[in-house]
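Single-letter residue listing:
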Amino acid sequence: MSKEEPFTTGSGDIFKDFGFSDEEAAALTIKASLFRTLQKALKETAKPQKELAEKLGVPQPKISDIINGKMSGFSVERIASYLLKLGYNICLDAQPAPSGSSGRVIEKKLLSA
């Protein structure tokens, strides 16, 4: 017989669930969203990693790190610069939160769903 582990429903924000402050969670959500877009852009191209590295001005192992999800070595600014070099537009927007609630980061794909 196996014991059931307690189940806790997440808040919908994994970074808050891991104990980050609201501000840290917001920054990490923005970074992760841009990073996922960069990963997708690199994976969908037919170019070899060496050519992508030359285009972005980085050593080839950095391309491998991105493709393999190693986000920690990259700032939001660096990720954004790579996307721009790949011909991507980056769209940012901010709006007041509903009265009585604190602000949060909402990914664009969640808005259109």
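Reference entry: report on the structure contained in this document. For every chain, the first residue of the written sequence is number 1, and numbering continues from 1 onward in sequence order. Per-residue local features are limited, in this predicted model, to residues with pLDDT of at least 70; the limit for side-chain atom pairs, both in listing and counting, is 80 or more; totals at the level of whole chains, interfaces and linings are taken over all residues. Excluding hydrogens and water, the side-chain figures rest on all heavy atoms present in the structure.

A run of DSSP states H or I qualifies as a helix once it reaches four residues; a run of E qualifies as a strand once it reaches two. Both are numbered from the N-terminal end. Helix and strand counts for the chain come out as six helices and zero strands. In terms of principal-axis extent, the alpha carbons of the chain reach across some 50 × 50 × 25 Å. Whether two residues are in contact is decided by their heavy atoms, any of which lying within 4.5 Å being enough. Taking the intrachain contacts of the chain between residues at least 6 apart in sequence as the baseline, contacts between residues at least 24 apart amount to 57%. Total accessible area on the chain is roughly 8,700 Å²; 54% of this is exposed by carbon and sulfur atoms. Positive charges come from Lys and Arg alone, negative charges from Asp and Glu alone, with His and the N- and C-terminal ends not counted. In plain terms, the charge of a residue is placed at NZ if it is Lys, CZ if Arg, CG if Asp and CD if Glu. Of note, the chain has its 16 positive side-chain charges centred 8 Å away from the centre of its 14 negative side-chain charges. Accessibility throughout is a Shrake-Rupley quantity obtained with a 1.4 Å probe, and a residue counts as covered only by protein chains that appear here.

Below, the discussion takes up the side chain of D13. One can find D13 in the segment before α1 (14-17). Lacking a salt bridge, the buried D13 has K16 as its closest oppositely charged neighbour, with an N-O distance of 4.7 Å. Apart from the residues within four sequence positions on either side, D13 is in contact with A25 and T29. Per-residue accessibility, obtained with a 1.4 Å probe over protein chains only, is compared with the maximum for each type, and a residue is labelled buried under 20%, exposed over 50%, and partly exposed between these values. A carboxyl oxygen of Asp or Glu within 4 Å of a side-chain nitrogen of Lys or Arg is what we treat as a salt bridge.

Okay, the packing of aromatic side chains next. In this analysis, rings of Phe, Tyr and Trp, with Trp reduced to its six-membered ring, are considered paired at centre separations within 6.5 Å, and the interplanar angle assigns stacked below 30 degrees, edge-to-face beyond 60, and tilted for intermediate values. Overall, the coordinates contain three aromatic pairs when judged by the stated rule. Geometrically, the ring pair formed by F15 and F20 is edge-to-face, given 6.2 Å between the ring centres and 75° between the ring planes. A centroid spacing of 6.3 Å and a plane angle of 75° characterise the contact between F74 and Y82, whose relative ring orientation is edge-to-face. Here the two residues F74 and Y82 agree in accessibility, since each one is buried. Through successive ring pairs, a cluster of aromatic residues spans F35, F74 and Y82.

Of all hydrophobic cores here, the largest spans 18 residues; its most connected members are L38, L42, I63, I66, I79 and Y82. Listing elements by their share of this core, those giving two or more residues are α2 (22-44), α3 (49-56), α4 (60-67) and α5 (76-85). In terms of residues, this core owes the most to one element, α2, which gives six residues. Beyond its immediate sequence surroundings of up to four residues, I66 is in contact with F35, L38, Q39, L42, F74 and Y82. Residues belong to a common nonpolar core when they are buried Ala, Val, Leu, Ile, Met, Phe, Trp, Tyr or Cys residues joined through side-chain atoms within 4.5 Å.

Locating T29 in the fold gives a position in helix α2. Accessibility expressed as a relative area gives 11% for T29, which makes it buried. Along the sequence, T29 and F15 sit 14 residues apart, while their C-alpha atoms lie 7.6 Å from each other. When residues no more than four places from it in sequence are discounted, the contact partners of T29 are D13, F15, V105 and E107.

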